[in-house]
Each structure stands twice: as structure tokens, then as C-alpha cells.
Amino acid sequence: MKQELLKKIEKKELTVGVVGLGYVGLPLAVEKAKAGFKTIGFDVQDAKVEMVNAGHNYIGDVVDNDLKELVESGMFKATTDFSFVKDVDFIAICVPTPLDEHQQPDISYVKSSTEAIAKYLKKGTMVVLESTTYPGTTEELIRPILEEGSGLKCEEDFYLGFSPERVDPGNLIYKTKNTPKVVGAIGKDATEVIASMYRSVLEGDVCEVSSPAIAEMEKILENTYRNINIGLVNELTMLCQKMGISMWEVIDAAKTKPYGFQAFYPGPGLGGHCIPLDPYYLTWKAREYGFHTSMIESSMMINDRMPEYCVERASKILNRHSKAMNGAKVLVLGVAYKQDIDDYRESPALRVIEILKREKADVEFYDPWVAEYKYNGIVKKGIDKISPEIIKRYDLIMITTAHSNVDYKMVQENAAAVFDTKNVMKDVENKENIEIL
């Protein structure tokens with residue numbers, strides 16, 4: 001099986017399947033097809049499948065013309081019919097792994113996708129989980145489902161591995177194609193073949209590790225590392241505010257050291273599909289071993305509290321202008337979770353808005369990248385534009401995303417008060433009406 005698959009990879013005779021056509025799956029599917037492998041994308045959402053098959057792109061990291069050309073040439077198609085799994089030789093699972101209402105891992109999408117694959121899994125197929133999850137998922141959950149559902153045996157009849165997604169929406173340098181990959185699989189043969197498959201498609205290095213659990217833990221480490229360090233600077237920011245010290249200036253000074261320090265920055269909380277969620281997967285799994293990840297949990301508590309802390313600071317700013325939070329007109333600038341993208345998944349700005357409304361503020365938002373968002377099942381629309389006249393209507397402007405296409409000088413010149421949680425106004429000369437987080 002190993003030699004046959006290696007030969008098919010070399011000759012590009014494999015058909016690739018990608019389950020989940022979101023921020024991870026669609027760019028991966030496009031790169032597979034661009035590399036010369038016929039690719040089938042699977043998704044349960046009819047709308048996504050219809051858009052892909054019409055050549056309409058909806059993901060920022062995919063070039064519109066690439067998708068259109070691949071669809072028109074027959075190299076890439078999408079479907080909701082999982083029976084086409086029988087036609088693929090390599091299949092990557094790229095479905096969401098969110099948290100449930102109790103902040104515990106929700107792996108229902110992974111489980112249901114695996115069950116759908118198992119029904120049609122054929123001998124000689126490579127299956128790779130890319131969705132971020134707790135260590136042990138590939139071997140403890142995926143393997144039994146595939147073996148029982150297909151009647152095939154892992155290592156003998158099919159290969160199974162884990163290769164964590166590394167997607168950074170809006171990154172102008174690193175995309176799916178040139179970002180290094182980590183691969184851990186069940187058995188050396190599986191690792192070699194799956195790694196070979198990624199090498200045939202991607203420009204980035206492929207690092208082989210000894211097991212899926214190593215690769216799963218590696219992904220958790222990447223994002224927990226950032227969570228903890230952001231928690232550190234957020235806590236120090238709260239202390240520095242009491243001491244009358246600018247944490248932003250402290251960080252700028254510290255990062256002049258050429259070794260032993262990496263700059264992380266404070267903000268209204270954590271957003272995105274990884275950093276706010278992944279540590280919960282590890283802390284949940286750790287309890288199975290009677291172990292409490294105290295440092296991780298502490299950083300999570302700090303980061304989770306930042307939206308409330310920012311609203312508390314906003315309330316004090318309003319008080320200094322003889323305004324109560326109750327009834328104050330507040331404009332939140334930016335609901336995307338990071339600069340210059342339209343992705344608002346887990347954005348702390350959504351919680352900031354929720355808390356402001358809970359405190360009876362009259363809240364609106366403006367985001368040049370996000371016209372509307374859905375939160376707790378409710379769609380909220382932003383204002384269409386900002387202008388001097390519009391800015392003057394508000395008691396407080398609260399900046400929660402550092403978009404580069406906002407005229408912050410105009411905002412400062414016309415705002416009664418500004419609370420800048422991203423230090424995006426650092427170059428604005430007149431800071432009399434600005435308070436920085």
C-alpha cells in the first residue's frame with residue numbers, strides 16, 4: 001500500500017477530498033487542485049457548495065480567479081453527497097471544533113464527518129484530521145469510528161494521521177501554500193506517505209513527528225503559548241494603568257532587546273478560531289489525568305475578563321465627562337477580531353457590545369470590513385459610514401479593532417471622548433480626548 005500510494009502521489013494520480021469548505025478547508029482544497037490533484041470538496045451547507053461550483057469565492061485567502069479556473073477546468077468540485085468519498089485516495093477533515101455552552105470541547109462536527117466518511121471508506125485511502133482538538137482525538141475517536149464503520153483496519157487497509165491547520169486570516173506573507181506543516185500519523189509508513197502528499201502540494205517544510213498525539217499537542221502549544229503571553233501583558237496593562245505607566249511604551253522598549261523577548265500586545269480580549277478556544281481543549285483533557293493547568297487557566301481568566309474591564313474603563317471615561325453609562329451614546333469602531341479582515345469569529349468586540357448594552361448604553365458599531373454580524377442567533381447591522389457629523393453624535397468612541405482604512409485623525413478631531421483599546425491612535429498628535437488601554 002505504501003509504495004503504491006507514493007507512486008500515485010508522484011504521478012499525481014490521486015483524487016483528494018476535503019471535508020469542510022471554510023477558512024481552512026477551501027484554501028487547502030484549492031492548493032491541492034492547483035498542484036494537479038483532482039479534488040472534491042465536501043460540505044453540509046448547500047450554499048457553500050453552490051458558491052464553489054459556481055466559481056464564487058468567499059474566503060479571503062483564496063484568489064478568486066484560481067477558484068474559478070479550477071472549477072471550470074474540472075479539477076475541483078464541491079458536493080454535499082458523501083458517497084463520493086469512495087472516489088478519493090486522500091481525505092482531509094477540516095471542520096469546526098468550537099466550545100459548547102459549558103466551555104467544553106464540541107467535537108460533534110468531527111464525529112459526524114468521520115461517521116459519514118467511514119460508510120464509504122475504501123482500502124488504500126489516507127485520512128487526515130486537520131481540525132484543532134485535544135491530544136488523543138485521532139487515535140481514540142477517529143480510528144474506532146473509521147474501523148467499525150468501514151470494516152477496514154488502520155495501518156493495514158488505510159492510513160490515518162493528524163496535521164494541524166495553520167491559517168492566519170489576513171496574513172500577507174504566510175498562506176496555506178508556504179506555511180510549514182506538521183504531520184503525525186499512526187505508524188511510520190502512514191507518516192511517510194501523508195507527509196509526501198503534503199510535500200507534493202505545499203512550498204513550506206513538512207515536519208514529521210512520531211504520533212498524532214504529538215501533532216495534536218503541538219497545535220495546542222502554539223496557541224496556548226500566545227494565550228498565556230497575551231494574558232501576561234493584559235494583566236500588566238491593568239497594573240500599569242493604576243501606576244500611570246503606558247504598557248504600550250513598556251513593550252516598545254522591551255522589544256529592542258534582540259534576544260529572549262517576543263512582543264505581545266494588550267487588547268479588549270482574544271478573538272479568532274484558535275487562541276480563545278484551544279487552551280480549553282487542553283485543560284478539559286488534563287482533568288482526565290487529575291491535572292490542573294493552573295498557568296493556562298489563569299491566563300484564560302485574565303483574557304476572558306478583558307471585555308468587562310474595557311467597559312469599566314469606558315464607564316470611568318464617561319463619568320469624567322459627566323455622563324452616565326446608562327443612556328450614553330457609544331460607537332464601537334471595529335468588530336472583526338483582527339486588523340483588515342472580515343472575520344469576526346470569537347471577536348472580543350462582540351462581548352464588549354453585549355456588556356455595554358447590558359449597562360444600558362445606546363450602542364452602535366462601524367466596521368469597514370463587517371457590515372453586519374450574527375451573535376447569539378441575532379443579526380446586528382452596523383452604521384454605513386462615519387463622518388465628522390456622525391462622530392459628533394456620540395458621547396464615546398470605543399476602538400476595538402485596529403483597521404488601517406479608518407481616518408482616526410478625523411475621529412479624534414470630532415469625538416467628545418475616545419477610548420482606544422488597540423493603540424491605533426499612537427500617531428495622532430492631539431491626544432487630549434484620547435485614553436489608551
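Our structure's up above, just so we're on the same page.
Worth saying up front: this structure is predicted, and the values here are computed from it rather than measured. (Residues numbered from 1 in each chain as written. Predicted model: local features only at pLDDT ≥ 70, side-chain atom pairs only at ≥ 80, totals over all residues. Heavy atoms only, no water.)

> How should I be thinking about the overall build of the protein chain in this particular structure?
In terms of regular secondary structure, the protein chain is built from 14 helices and 15 strands. Considering the protein chain as a whole, with its 437 residues, one finds that 55% of them fall into the buried category. Considering only contacts in the protein chain between residues 6 or more positions apart, those separated by 24 or more positions represent 69%. Of the roughly 20,200 Å² that the protein chain leaves accessible, carbon and sulfur atoms contribute 50%. Between the averaged position of the 53 positive side-chain charges in the protein chain and that of its 66 negative side-chain charges there is a distance of 1 Å. (Helix = DSSP H or I, 4+ residues; strand = E, 2+ residues; numbered from the N terminus. Buried < 20%, exposed > 50% of the residue type's maximum accessible area, 1.4 Å probe, protein only. Contact = heavy atoms within 4.5 Å. Areas by Shrake-Rupley, 256 points an atom, 1.4 Å probe, with all protein chains shown as cover. Lys, Arg positive; Asp, Glu negative; His and termini not counted. Charge placed at Lys NZ, Arg CZ, Asp CG, Glu CD.)

> Which parts of the structure should I look at to understand the environment of E413?
As for its placement among the helices and strands, E413 is situated in helix α14 (residues 408-414). C-alpha of E413 to C-alpha of V428: the two residues are 15 residues apart in sequence and 9.7 Å apart in space. Reaching out from E413, the side chain makes a polar contact with the side chain of K409 at a distance of 2.5 Å. (Polar contact = N/O pair within 3.5 Å; in protein donor to acceptor, adjacent residues only side chain to side chain.)

> How do you make sense of the pairing of strand β10 (residues 362-366) when you look at a structure like this?
The side chains of a regular strand alternate between both faces of the sheet. Both strand β9 (residues 329-333) and β10 contribute to a ladder of five bridges, which runs parallel. Residue pairing across strands places V332 opposite F365, the latter belonging to β10. Between β9 and its parallel partner β10, the chain crosses via helix α12 (residues 348-358), and the hand of that crossover is right-handed. (Pairing = 2+ DSSP bridges. Right-handed = clockwise from strand over helix to strand, strands pointing away.)

> So what exactly am I meant to see when it comes to the sheet that holds β10 here?
Across a sheet, paired strands are connected by hydrogen bonds in the backbone, their directions being either parallel or antiparallel. Pairing in this open sheet of five strands is parallel, and the strands run β10-β9-β13-β14-β15 from one edge to the other. A strand with exactly one partner marks an edge of an open sheet, and here the two such strands are β10 and β15 (434-436). When strand polarity is set aside, the average angle formed by the axes of neighbouring strands in this sheet is 20°. By the bridge criterion, three bridges tie strand β13 (residues 396-399) to strand β14 (residues 418-420) in an arrangement that is parallel. The residue of β14 that forms the bridge with I397 is V418. Running over the sheet, helix α11 (residues 294-320) touches β13, β14 and β15 and is turned about 155° from β13. Across the sheet, α12 is in contact with β9, β10 and β13; its angle to β10 comes to roughly 160°. (Axes fitted to C-alpha atoms, helices over the stretch in contact; angles between N-to-C directions.)

> Got a minute to help me understand helix α8 (residues 212-243) in this structure?
Each turn of an α-helix holds 3.6 residues, which means side chains three or four residues apart point in the same direction. For α8, with 32 residues, the first-to-last C-alpha span of 47 Å sits near the 46 Å given by 1.5 Å per residue. Once α8 finishes, G244 follows within two positions and takes phi at roughly 75°, a positive value. (Expected span 1.5 Å × (residues − 1).)

> Mind showing me how you'd approach the nonpolar core here?
Buried together is how nonpolar side chains tend to be arranged in soluble globular proteins. If you look at the biggest cluster of nonpolar residues, it comprises 42 residues, and the most contacted ones within it are F76, F90, M126 and Y198. Here the element with the most residues in this core is helix α7 (residues 188-199); it accounts for six residues. Look past the residues within four positions of M126 in its chain and what remains in contact with it is L5, I9, L14, D89, F90, I91, Y159, V193 and I194. In terms of nonpolar packing, the next biggest core, distinct from the first, is built from 39 residues, I142, I145, L152 and Y280 among them. (Core = buried A, V, L, I, M, F, W, Y, C linked by side-chain atoms within 4.5 Å.)

What is shown is where atoms sit, not what they do.
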